[in-house]
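# Coordinate inspection notes
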Amino acid sequence: MMTTILLLIFLSFCIGTGVWVFFIYAVKKGQFDDIEAAKYRMLDDDDEEPPTPSTNQH
Amino acid sequence: MSEAERQSCVHCGLPIAPADLVLEQDADQEFSFCCHGCRGAWLIIRGAGLENFYTRKELKHEPLKEIHSSQFDRTYLQNFVTESSTGAEISLIIDGIRCASCIWLIERYMQQIPGVLAARVNFATHRLLLRFDPHLVEITQLCWKLSQLGYLPRPYSQDELRTSMESERRSLLIRFGTAVFLSMQLMGFSIALYAGYFEGIDPQTRLLLQILAALVTTPVIFYAGYPFLRGAWFSLRNLAPNMDLLIAMGSLTAYSYSLFALATGREVYFDTAAMIVTLILAGRLFESSARHRATAGLDRLLQLAPATASRLVDGQTDQMDSRLLEPGDLILISPGDRFPVDGLILNGCSEVDEAAVNGEAIPVFRQAGDRVKAGTQNLNGTLTLEVEAKAADSFIARIGRMVEQAQTRKAPIQNLADRISGIFIPTVLSIAVLTFIYWGADQNALLHAITVLVVACPCALGLATPTAVMVATGRAAEEGVLFRGGDTLEAASQLNLLAFDKTGTLTEGRPQVIAINAVNAVNDQLELLCCAAQLESGSRHPLAQGISVEAKRRQIFCSQLANIQQIPGKGLIAREEKLLGGSAEFLREQGILLSETLDDSTASEVHFAQDGRYLGSICLQDIARQEAAKTFSLLRSQGYSTLLLSGDQPGSAKKISESLKIDRWLAPLTPEQKTLEIERLTELGNKILMTGDGINDAPALAAATVSCSIAGSSDIAMEQAGLLLTRPNLLLLPWALKTSQKTMTIIHQNLFWAFSYNLIAIPLAASGKLLPVYGAAAMALSSIGVLLNSLRLKRISPP
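About the criteria used
- Residues numbered from 1 in each chain as written.
- Chains lettered and ligands numbered in written order.
- Predicted model: local features only at pLDDT ≥ 70, side-chain atom pairs only at ≥ 80, totals over all residues.
- Helix = DSSP H or I, 4+ residues; strand = E, 2+ residues; numbered from the N terminus.
- Expected span 1.5 Å × (residues − 1).
- Buried ≥ 20, exposed ≤ 12 C-beta atoms within 10 Å, placed from the backbone.
- Contact = placed C-beta atoms within 7 Å.
- Core = buried A, V, L, I, M, F, W, Y, C linked by C-beta atoms within 7 Å.
- Pairing = 2+ DSSP bridges.
- Arc of directions from axis to C-beta.
- Axes fitted to C-alpha atoms, helices over the stretch in contact; angles between N-to-C directions.

Residues and elements named next belong to chain B. Between its first and last C-alpha atoms helix H20 (residues 542-553) spans 16 Å; for 12 residues at 1.5 Å apiece the expected length is 16 Å, and the two agree. For H20, the complete set of buried residues consists of Pro542, Leu543, Ala544, Gln545, Gly546, Ile547 and Ala551. As for H20, its buried residues are in contact with strand S19 (512-518), helix H19 (525-536), strand S23 (604-610) and strand S24 (613-621). Phi for Gln555, located one or two positions after H20, is positive at around 60°.

Structure below.
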């Protein structure tokens, strides 16, 4: 009984810690700096590969 | 190609003035442009294979307007580039971004340039972070390419204040995330402990769960709750109890009592301690993100006057920092540029958009001998300017200083919560001390004193304001109203006088046709309008655009005339058709006999003549917003008095106040006079809301109790505004004021609830009659009651 509880507590703690570490990583990488952009960028992704730039630009 | 397509520019979508028509032959197709700049931009976009840009729908609403022809100075830009082993990096603020399409275009286009490693635009701040290889491509080249697209890049130096604000936001987010994660772990242990309390639990398991709960709570209090602890410490040191002290006291008493209970084998309440920290952190985070959204415009405003200028020295231009310009220097201003300093025009003539200064949408004609102000925009001619004042003394700089002064003069609002904790905390502490002294000889004296602190745990009090503010600001944001913080919300509920600016706030800021006066019986109104539209449809002058809009509204589609000559500040001539349009003065110059003109100074009149014969005139006026009348009747019914502060002519101010039934109006006022009036009225005891949109309103906004600004206003007005209507709809204002009042009602109910609980519980605890476990249960109940009551704000009906 006791070992089961301990094991479960330990497991939930590990999973939680994993998510927490991932969250900290995301914040540090600036994932939350511009939350406005995601909804627009999603629409842009299905464009075809941008062609290589031509040489006759000004 | 259809008629409609021929009439508007392929790139910017604006109508083409026939004189300006530029054609581009491509295979078997012909494309028309309104200027060479647009053609250039189109060629670039096509050349890069990004034609998709034109199919993107948003473009139709907000066409690109200006093509910048600025020069970029290498040594100046180089100061902002940071080099590292992986390449160089620069942050640029991009002027001219209007929609998601612009961002898409900039990113795609920049990324295709050889040598550019990454280009990323921030949607909120319009900041482009550019990483590039300095060996392959130069920064001046990149800036030039951006300006060729029609966007003006400006280097962005990250000052300390801004950096610290950003890192503070991040650390708040991490603290909140940590608190949530640990609180979730804690909930599991707490539920087990509560279940054990009712159903019985093995003492050893209980001890284990209690120790685990203590372990996860400790970081919540001391790491996540650190901002409160620090704030509490400062407030103690300054002997000025505030909200932080209340929160710190609440969480610390619950935490330390639980530790004590753990040691003596009683029930623990770690969950209460962790909950209050987590919930209030959520509130803080919410507030900071609302504030962040509202200040996004700041970066763009700070440099309204351009940072560089082309100085003329011995016939040569040389690019320099505009801060270094001295009075007497000569500078060259290209079309589309803003003036960096105040100055006197020596050479050239042009129309100048002075909206930044006086909010007036119609450009003013300026020629040699006239004075121009920094921050206004040169529209269509190249000007040589003699500098009259240093950049630091320019109009824009003076406005900036006035704003600062107004802000420092204004007394800070003391929050209700701060005032309450100022009374509550000393009272509870003295009761606890008195209890201890009273029970002095008893061995339970300390326990009773602690019980007083625990039941008085100001959790409910601490939650009363933040939760209500959080729910209300969230609900308001859904409707397009941004409150910058709890203090704004509170102040907005106490207003009695509402002051408004006119142009752009109460009106659309765009002239519309109000009357068509055809003199000849032969010409009916529609025919005159058709002639006018033929003549004016190519011009970008606001009056011309007003006429074109009216023609379209009445479904008059007529072909555009060729060979139209534009005479800046006067009017238009179509030589072949002998059609004239412009001011009365201009027609008289051309030898046309005019019938009596209207002497209504509030409207602008455009006169037309053909073959030397006067056709009539069209009256345009910047009329009130559609919803203005309803807004004012709502505001009146809510019991506010209203005041109009206009920089415009008395005539139009009087007219609009009469039509909207505004209580009092003052015009014409300078920015200084507006500020003085607000300050005078504030001293008389009024709580004033100032609503404005222009740079000229900024000092008055700063002086008012609460300032409000509407979508589409100048950046400095939005920056100043405590209350921001993110949709161009005045009806949101009465709704926002009502919401703030409802929020205050809820806060008062919350406080009443929390106090009455304390009023009953503290005497019981002091007399030693209350078991701590009942105290804790009551405490949790009162917190939940406060939460549920605050959530009622979520159900405020939409405006």
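From this point on, the discussion continues.
All names here are of chain B. The biggest cluster of nonpolar side chains holds 122 residues, and the ones touching the most others in it are Val277, Val452, Ala464, Ala499, Met690, Ala704 and Ala736. For this core, the element with the highest residue contribution is helix H27 (residues 732-766), accounting for 14 residues. Membership of the second largest hydrophobic core comes to 38 residues, among which are Ala88, Trp104, Tyr109 and Leu142.

Read across the open sheet, the three strands follow the order S13-S12-S15 (chain B); overall the sheet is antiparallel. Both outer strands of the open sheet, strand S13 (364-366) and strand S15 (377-378) of chain B, are each paired with one neighbouring strand and no more.

Looking now at helix H23 (residues 650-660) of chain B. Residues and elements named next belong to chain B. The complete set of buried residues in H23 reads Ser652, Ala653, Ile656, Ser657 and Leu660. Angularly, the buried residues of H23 cover 130° about the axis, an arc narrow enough to put them on a single face. Taken together, the buried residues of H23 touch helix H22 (628-637), strand S25 (641-645) and strand S26 (664-666). Directly beyond the C-terminal end of H23, a positive phi value near 60° is found at Lys661.

It is worth spelling out the pairing of strand S10 (residues 330-333) of chain B at this point. Residue and element names in this part refer to chain B. Side-chain alternation along S10 places Ile331 and Ile333 on a buried face and Leu330 and Leu332 on a face that remains uncovered. Pairing geometry for strand S8 (residues 308-313) and S10, over three bridges, is antiparallel. For Leu312, the partnering residue across the bridge sits in S10 and is Leu330. As judged from the four bridges shared by S10 and strand S16 (residues 383-387), these two strands associate in the antiparallel manner. By the bridge assignment, Ile331 is partnered in S16 with Leu385.

The subject of this paragraph is the sheet that holds S23 of chain B. Residue and element names in this part refer to chain B. Spatially, S19-S24-S23-S22-S21-S20 is the arrangement adopted by the six strands of the open sheet, whose pairing is antiparallel. Every other strand in the sheet has two partners, leaving S19 and strand S20 (564-567) as the edge strands with one partner each. Direction aside, the axes of adjacent strands within the sheet are offset by 15° on average. Strand direction decides the pairing type here: strand S21 (residues 571-574) and strand S22 (residues 579-582), joined by four bridges, are antiparallel. Paired with Ala574 across the bridge in S22 is Leu579. Strand contacts of H20: S19, S23 and S24, with the helix running at about 80° to S19, the strand carrying the most contacts.

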